[in-house]
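# Descriptive structure summary
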Amino acid sequence: MTSPSPAERFAAAKKRSGHPLLEAFRARQKFDLDSYQIAACEVVEEGKSVLVAAPTGAGKTIIAEFAIYRAMQQQSDKVFYTAPMKALSNQKFQELQAEYGEENVGLLTGDTNINSHARIVVMTTEVLRNMLYANSDLLRDLAVVVMDEVHFLADRFRGAVWEEVIIHLPSHVTMVSLSATVSNAEEFGDWLQAVRGDTEVIVSEERPVPLDQHILMRGKLIDLFDSSGLVATHRVNPELVQMARYGGRTISSRQMQDVGRRHSKGGRPDVARVERPEVVKLLDSKNLLPAIFFIFSRVGCDQAVTKVLRSGIRLTTPAERDEIRAIVEDRCRTLLDEDLAVLGYWDWLTGLERGVAAHHAGLLPAFKEVVEELFQKKLVKVVFATETLALGINMPARTVVLEKLEKFNGEARVPITPGEYTQLTGRAGRRGIDVEGHSVIQWTDGLDPQAVASLASRRTYPLNSSFKPTYNMAVNLIEQFGRERTREILESSFAQFQADRAVVDLARKVRSQQQSLEGYANSMKCHLGDFQEYSGIRRELTDLERKGISNTASRAERDRRQRQLTDLRRRLKQHPCHACPERESHARWAERYWKLKRETDQLTAQIRTRTGAVAKIFDRVTDVLLLLGYLRVEPVEIGEQGELTLNANGRMLRRIYGERDLLVAESLRRGFWDELDPASLAAMATALVYEPRREEGQLGDRHLPRGRFRDAFDKTGTLWSELDDLEREHKLPGSQPLAGGLALAMYRWASGTGLDAVLQEADMAAGDFVRVTKQVIDLLDQLSVVADGEVGRTARKALDAIRRGIVAYSSVA
């Protein structure tokens with residue numbers, strides 16, 4: 001390798017001198033930065049916003065860390081670090097505390113407030129959205145906002161929040177947006193440029209640690225791609241293709257003929273599935289641990305741990321087991337002794353001591369955090385996880401195992417997408433530790449190697465907006481900007497940007513087809529008269545003849561149709577073009593003309609529906625709010641459109657966040673919950689936030705708390721039905737009915753019943769119960785602020801009643 005010339009050394013030195021902060025930051029790192037990281041950090045040092053799209057595990061967060069480092073060199077600049085999930089927020093909070101000290105780092109989630117006035121505050125995206133609408137004092141001195149996992153913007157339930165934040169952040173705030181590798185990063189960057197100003201887009205497709213991809217068949221790891229070096233990288237390994245065809249064996253041409261004859265009688269031979277303990281032993285023998293097994297089922301994860309432990313596998317040394325026990329006992333010391341057995345603590349600890357664990361949403365948050373910590377410290381060697389582990393949590397492994405390439409999406413089993421495959425396998429390969437990462441796909445009968453190769457080599461993960469105006473959004477924007485300015489703001493959403501882009505393409509197609517229509521019109525010109533008019537009569541007659549008439553039609557209807565047919569036939573024969581000797585040649589051009597015109601008219605209609613689509617939904621939302629008395633129209637001069645303003649009800653709705661914002665506000669207005677005690681109000685909040693699985697269905701009254709709760713529940717349910725009808729009348733999507741399935745369990749928890757009995761009543765895992773309770777706490781917290789009088793006081797008592805035991809312990813997760 002030749003040394004750089006003096007001119008090259010001078011150019012490099014000059015470039016470094018232009019970014020002194022970046023050079024100081026690079027000197028602090030264990031590894032030097034990749035070229036895309038350097039390019040993104042240079043943008044940040046220049047004070048511009050940046051969108052970075054790179055694969056999972058490629059080190060995107062280093063750009064966010066540099067943005068924080070740069071802000072902390074200033075006197076008072078503040079940084080908000082937003083993440084889509086509380087688990088991610090918690091992990092980043094702890095990392096930043098370790099770097100900058102507890103006094104400089106805060107955490108804000110729906111139910112946690114730690115050091116909120118710090119210079120670096122980690123928060124969920126919803127918290128930042130709420131702060132922007134409330135014009136919070138905490139926004140003072142805000143210089144940088146990091147939006148981690150910004151591709152969550154496509155999430156159909158929560159994605160709109162990302163757009164709200166991006167649109168409403170003050171223009172002087174620098175945004176660092178970190179995204180998975182999306183196929184339309186440039187389009188997203190163009191939108192950021194339009195709404196935020198100076199924004200650079202940095203895209204990297206390169207993994208910092210190469211990925212070797214294998215298929216596990218008959219206890220043997222077969223390379224997915226041909227590694228001979230003689231062919232293109234993404235050609236499927238011929239050995240794998242042959243083994244897939246002949247039952248997991250490589251055979252001679254003579255054997256192929258014999259097997260071929262047998263196949264013609266009985267189909268392709270089955271390949272025995274390798275059991276999980278054998279897979280773990282295989283990976284251990286090939287030095288491919290630690291590994292994450294992605295199993296798209298919580299029950300499957302727990303069963304896998306049990307099966308591996310029963311096989312007698314032990315992956316840890318005595319010293320490691322002592323360290324594991326010490327860490328677990330320290331992290332779980334505040335758990336009540338009587339809850340440990342209910343939580344399955346002892347079996348869980350046994351698994352950890354042998355280096356094996358599960359990781360899924362059903363686990364207690366404290367247990368998940370311990371698993372993550374032990375995995376990062378290389379003490380746990382095998383984790384069986386659901387796909388939620390792939391979403392940003394820092395748990396890289398040497399190997400990722402995919403048992404199936406399909407998952408249940410809530411309605412049916414569907415193949416995983418190339419984007420999901422990239423996200424899952426992104427966990428394979430630890431920077432600075434592994435030379436390469438490994439992905440292993442378990443062979444199942446019917447698996448097509450070509451389809452797997454296609455999945456593994458494509459990066460199709462488009463980012464599509466899920467933005468739509470809500471009631472809370474409408475009243476907040478109207479209060480700040482008025483109706484017309486709000487409509488303009490909504491027109492600047494990514495949803496409308498994408499719709500407008502589509503409109504541009506549709507309009508281009510319409511212009512092209514209009515030129516073709518002109519050509520067709522010229523080709524069907526007739527020297528005797530207007531052939532377009534003639535062909536129109538001919539089409540109308542043909543359509544009427546084809547349509548026929550119903551047997552139940554009245555005599556008058558039959559007579560009217562006959563008169564129409566007679567009139568059209570007369571007009572056709574009397575038209576000058578009817579006598580043209582080239583009539584049928586003209587007619588063929590006319591047929592093409594009318595077919596293309598119908599397509600063009602349909603495209604034009606699509607353009608009309610897409611133009612201003614978001615603002616139209618906003619208008620429907622405001623119509624509902626006007627009807628229900630949350631907005632009023634201020635009187636103005638005759639002929640002018642009145643300005644919308646909020647009344648007291650609208651101002652209350654401003655502070656209610658969530659999918660049921662209007663239902664909560666209306667229930668408070670009508671006093672449905674005035675007579676509820678704290679336990680009953682906690683149960684009511686649960687019925688509002690809980691989303692049951694499809695198979696649970698609606699439960700009978702015996703699963704509801706007794707007393708005043710039932711009357712309040714019935715009234716609230718009737719109100720939901722009325723609002724749902726009203727929304728559908730205004731062409732709005734409506735919502736799901738109340739779900740009372742968990743109300744009794746929450747009522748008992750708020751009344752002091754023990755964890756074991758509550759989880760039995762709830763029929764759910766401890767982690768799920770904690771997660772739902774967190775949502776209930778969030779809603780009760782809102783009620784304690786927004787509700788007048790007794791309901792507000794009851795909400796505060798309800799908060800105290802349910803924030804206990806495992807819920808209180810998990811307050812940061």
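Coordinates for the structure precede this section.
Since the structure is predicted, the reported quantities are computational estimates derived from the model, not experimental observations.

### A short note on the overall build of the chain
A count of helical and extended segments in the chain gives 33 helices and 19 strands. When burial is assessed residue by residue, the chain has 51% of its 813 residues classed as buried. The long-range fraction of contacts in the chain, counting pairs at least 24 apart against all pairs at least 6 apart in sequence, stands at 73%.

### Structural notes on unusual backbone geometry
The peptide bond linking L289 to P290 adopts the cis configuration, its omega dihedral lying at 5°. Relative to the helices and strands, P290 resides in the loop between α11 (276-285) and β11 (291-294). One non-glycine residue, D141, adopts positive backbone phi at about 70°. Looking at the secondary structure, you find D141 in the loop between α6 (125-134) and β6 (142-147). Taking relative accessible area as the criterion, D141 reaches 43% and is therefore assigned partly exposed. One non-glycine residue, N287, adopts positive backbone phi at about 60°. Structurally, N287 can be placed in the loop between α11 and β11.

### Regarding the sheet that holds strand β10 (residues 220-223)
The 7 strands lie next to each other as β10-β9-β17-β14-β11-β13-β12, forming an open sheet whose pairing is mixed. Of all the strands in the sheet, just β10 and β12 (356-359) have a single pairing partner and so form its edges. Taking the axes of each pair of neighbouring strands and ignoring which way they run, one obtains an average angle of 25° across the sheet. Bridge count for strand β9 (residues 211-217) against strand β17 (residues 437-442) is 6 bridges, and the pairing is parallel. Among the inter-strand pairings, H214 is bridged to a residue of β17, identified as V440. Those strands touched by α11 are β9, β10, β11, β13 (382-385), β14 (399-402) and β17, and its axis lies near 150° from that of β11.

### Notes on the sheet that holds strand β8 (residues 199-203)
The 8 strands are arranged β4-β3-β5-β2-β6-β7-β1-β8 in an open sheet whose pairing can be described as mixed. Strand pairing shows two members of the sheet lacking a second neighbour, β4 (112-114) and β8, which therefore form its edges. Going from strand to strand, the sheet's axes swing by 15° on average, the running direction of each strand aside. Helix α3 (residues 35-45) contacts β1 (49-53), β7 (174-179) and β8 of the sheet and is inclined by roughly 160° relative to β1.

### A few points about the packing of aromatic side chains
Evaluation of the coordinates by the stated rule reveals 18 aromatic pairs. With 4.7 Å between their ring centres and 40° between their planes, F293 and F384 make a pair best called tilted. With F293 in strand β11 and F384 in strand β13, this residue pair connects regions lying 91 residues apart in the sequence. We note that F293, like F384, is buried. Aromatic pair F494 and F497: ring centres 6.3 Å apart, planes at 25°, arrangement stacked. In this pair, F494 and F497 both sit in helix α20 (residues 494-523), 3 residues apart, roughly one turn of the helix. For the pair shown, F494 and F497 are each scored as buried. In textbook terms, an aromatic cluster arises when at least three aromatic residues are bridged by ring pairs, as seen for F188, W191, F494 and F497. Over the face of the ring belonging to F481 we find R485, whose NZ or CZ atom lies 5.8 Å from the ring centre. R804 extends its terminal NZ or CZ atom over the ring of W749, reaching a point 3.6 Å from the ring centre.

### Focus: the packing of helix α13 (residues 318-331) against helix α16 (residues 365-376)
At a minimum axis separation of 11 Å, α13 and α16 run at an interaxial angle of 150°. Taken as axis vectors, α13 and α16 run roughly antiparallel relative to one another. Judged by the sense of rotation from one axis to the other, the crossing of α13 with α16 is right-handed. Across the interface between the two elements, I324, I327, V328 and R331 of α13 pack against V370, E373 and L374 of α16. The residue inventory of the contact of α13 with α16, partitioned by class, reads 5 nonpolar, no polar and 2 charged.

### So, α16
Given 3.6 residues per helical turn, the α-helix brings residues three or four places apart onto the same face. Between its first and last C-alpha, α16 extends 17 Å over 12 residues, near the 16 Å set by a 1.5 Å rise per residue. α16 sits mainly inside the fold: 10 of its 12 residues count as buried. If you check which residues of α16 are buried, you get P365, A366, F367, K368, V370, V371, E372, E373, L374 and F375. Directly after α16, the chain includes K378, whose backbone phi takes a positive value near 65°.

Conventions we followed
Counting of residues starts from 1 at the beginning of each chain's written sequence and follows it residue by residue. Residues qualify for local features only when their pLDDT is at least 70, as the model is predicted, and side-chain atom pairs are given and counted only at 80 or more; totals for whole chains, interfaces and linings, by contrast, use all residues. Side-chain calculation: all heavy atoms of the structure are included, whereas hydrogens and water are not. Strands are runs of DSSP state E lasting at least two residues, helices are runs of H or I lasting at least four, and both sets are numbered from the N terminus onward. Relative accessible area decides the class of each residue, using a 1.4 Å probe on protein chains only: under 20% of the type maximum gives buried, over 50% gives exposed, and in between gives partly exposed. The criterion used for residue contact is that any of the two residues' heavy atoms lie within 4.5 Å. Strands pair, by our definition, only if DSSP identifies at least two bridges between them. Structural elements are reduced to axes, namely lines fitted to C-alpha atoms, with helices fitted over the stretch in contact, and the angle between N-to-C directions of any two is expressed from 0 to 180 degrees. Aromatic rings from Phe, Tyr and Trp, taking only the six-membered ring of Trp, are treated as a pair when their centres fall within 6.5 Å; an angle between ring planes under 30 degrees marks them as stacked, one over 60 as edge-to-face, and anything in between as tilted. Cation placement over rings: the criterion is NZ of Lys or CZ of Arg within 6 Å of the ring centroid and within 35° of the ring normal. Any angle from 65 to 115 degrees is called roughly perpendicular, while one under 35 is roughly parallel, one over 145 is roughly antiparallel, and all others are oblique. By convention the crossing between two helices is left-handed if the near helix lies anticlockwise of the far one by an angle smaller than a right angle, and right-handed if it lies clockwise. Classification used: nonpolar for Ala, Val, Leu, Ile, Met, Phe, Trp, Tyr, Cys and Pro, charged for Asp, Glu, Lys and Arg, polar for all others including Gly. Expected helix span is taken as 1.5 Å per residue step, with the number of steps being one fewer than the number of residues.

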